[in-house]
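Observations on the model geometry
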Amino acid sequence: MSEDHTATDGSPGPDTAVAHNARVWNYWIGGTDHHLVDRRVGDHVAGMFPVIREVARADRLFLGRAVRLLAAERGVRQFLDIGTGLPTGDNTHQIAQRLAPGARTVYVDNDPAVLAHARTLLAGTPEGTTDYIHADVRDADALLERAARTLDFGRPVAVMMLGILNFVLDTASAREIVRGIMARVPPGSCLALTHPTFDADVGGEGQIPAMEFWNEHATPPITARSREDVAAFFEGLELLDPGLVPCSQWHAGAGAPAVPQFGAVAVKP
């Protein structure tokens, strides 16, 4: 492992005194990398907003369906997974490499808790390549420069941004992040994105008090957005069917329930 993948680069170690999103999310989806403070806050949030566990699981299942579609139907062989979170079963590179053993994946996160588990993420197939970058999504130039050590930006790349822009509280800044990254990838590249919503028609009104509690007792702070604001992240891209829908319903078959987390995949023309 290179120096980019170790905690010896001067980055702080994980703070286990305050609940952290990566660990609480890991708790909600049935992982093992969490602490008592994470479970306490996670349980309290789930008590206020019981569907949050379903949201977490739906988001994870969306990841699998999106990667499979991109690899099998779109022929994508390169994945840039930004804001990857803590590893669990079936990470992006594992799903992609089952379909295309030579697929390349770069994970990006700026979370010390994730950095501490980077070695787990780096176990790929002999034919493929998997790497981890400790970087901030707000610095697209540095992020992509380092990702270019593994990915060929002359060929299409699938940019995965699942549950990451909700930590960028300013909507204009969040839009600029997406625009900046997608402007630097070639035509044929794809954006897969999920984002929580407060829209009542998909049961999102309960997000507001739950997120207020979260922002007072955990880190990092988070926000939800309307369908219109989430749709704006895809401006200039061509949405694949079925468009922007609750992530639980995206390519999930008839009868799948809605969750207050939108998801979509789009292609750069």
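Quick notes on the rules
Residues numbered from 1 in each chain as written. Predicted model: local features only at pLDDT ≥ 70, side-chain atom pairs only at ≥ 80, totals over all residues. Heavy atoms only, no water. Helix = DSSP H or I, 4+ residues; strand = E, 2+ residues; numbered from the N terminus. Buried < 20%, exposed > 50% of the residue type's maximum accessible area, 1.4 Å probe, protein only. Contact = heavy atoms within 4.5 Å. Areas by Shrake-Rupley, 256 points an atom, 1.4 Å probe, with all protein chains shown as cover. Lys, Arg positive; Asp, Glu negative; His and termini not counted. Charge placed at Lys NZ, Arg CZ, Asp CG, Glu CD. Salt bridge = Lys/Arg side-chain N within 4 Å of Asp/Glu carboxyl O. Right-handed = clockwise from strand over helix to strand, strands pointing away. Pairing = 2+ DSSP bridges. Core = buried A, V, L, I, M, F, W, Y, C linked by side-chain atoms within 4.5 Å.

1. Focus on the overall build of the chain
- On a plain count of helices and strands, the chain comes out with 10 helices and 10 strands.
- Along the longest, intermediate and shortest principal axes, the C-alpha atoms of the chain span 45 × 45 × 35 Å.
- With 269 residues in all, the chain has 55% of them scored as buried.
- Taking contacts inside the chain between residues at least 6 apart in sequence as the whole, the part at least 24 apart equals 73%.
- Entry remark: accessible area of the chain is about 11,300 Å², with carbon and sulfur atoms responsible for 52%.
- Taking the average place of the 23 positive charges on the side chains of the chain and the average place of its 33 negative ones, the gap between the two points comes to 5 Å.

2. As for unusual backbone geometry
- In this structure, P220 follows T219 across a cis peptide bond, with omega equal to -10°.
- Tracing the sequence through the fold places P220 in the loop between β7 (218-219) and α10 (227-232).
- Of note in the backbone geometry, H251 takes a positive phi value of approximately 50° without being a glycine.
- Relative to the assigned elements, H251 resides in the loop between β9 (245-246) and β10 (261-267).
- Residue classification places H251 among the partly exposed positions, given a relative accessible area of 43%.

3. Some details on the pattern of salt bridges
- Counted according to the given criterion, the structure contains nine salt bridges.
- For R138, the salt bridge goes to D136, with nearest N and O atoms at 3.3 Å.
- On the accessibility criterion, R138 (52% relative accessible area) is exposed.
- The residue D201 makes a salt bridge to R227 at a minimum N-O spacing of 3.0 Å. Of this pair, D201 sits in the loop between β6 (190-196) and α9 (207-217) while R227 sits in helix α10, and the two are 26 residues apart along the sequence.
- On the basis of relative accessibility, which here comes to 26%, the residue R227 falls in the partly exposed class.
- When salt bridges that share partners are traced, they join E176, R179 and E235 into one network.

4. Overview of the pairing of β6
- Taking burial as the measure, the seven residues of β6 include seven buried ones, the bulk of the element.
- Neither face of β6 is exposed, since C190, A192, T194 and P196 on one face and L191, L193 and H195 on the opposite face are all buried.
- This β-α-β element, strand β5 (residues 158-162) to helix α8 (residues 171-183) to β6, shows right-handed connectivity.
- As paired strands, β6 and β10 are joined by seven bridges and run antiparallel to one another. Bridging across to β10, L191 finds its partner in A266.

5. What to know about the nonpolar core
- Core analysis: the largest hydrophobic core is formed by 45 residues, its most contacted members being W28, L70, F79, M160 and V265.
- Those elements that provide at least two residues to this core are α1 (21-28), α2 (36-48), α3 (52-72), α4 (92-99), β5, β6, α9 and β10.
- A total of 11 residues in this core trace back to one element, the largest contributor, which is α3.
- Among residues more than four places away in sequence, those in contact with W28 are G42, V45, A46, I52, R53, A56 and R57.
- In this structure, V137, V157, M182 and V202 belong to the second largest nonpolar core, which totals 36 residues.

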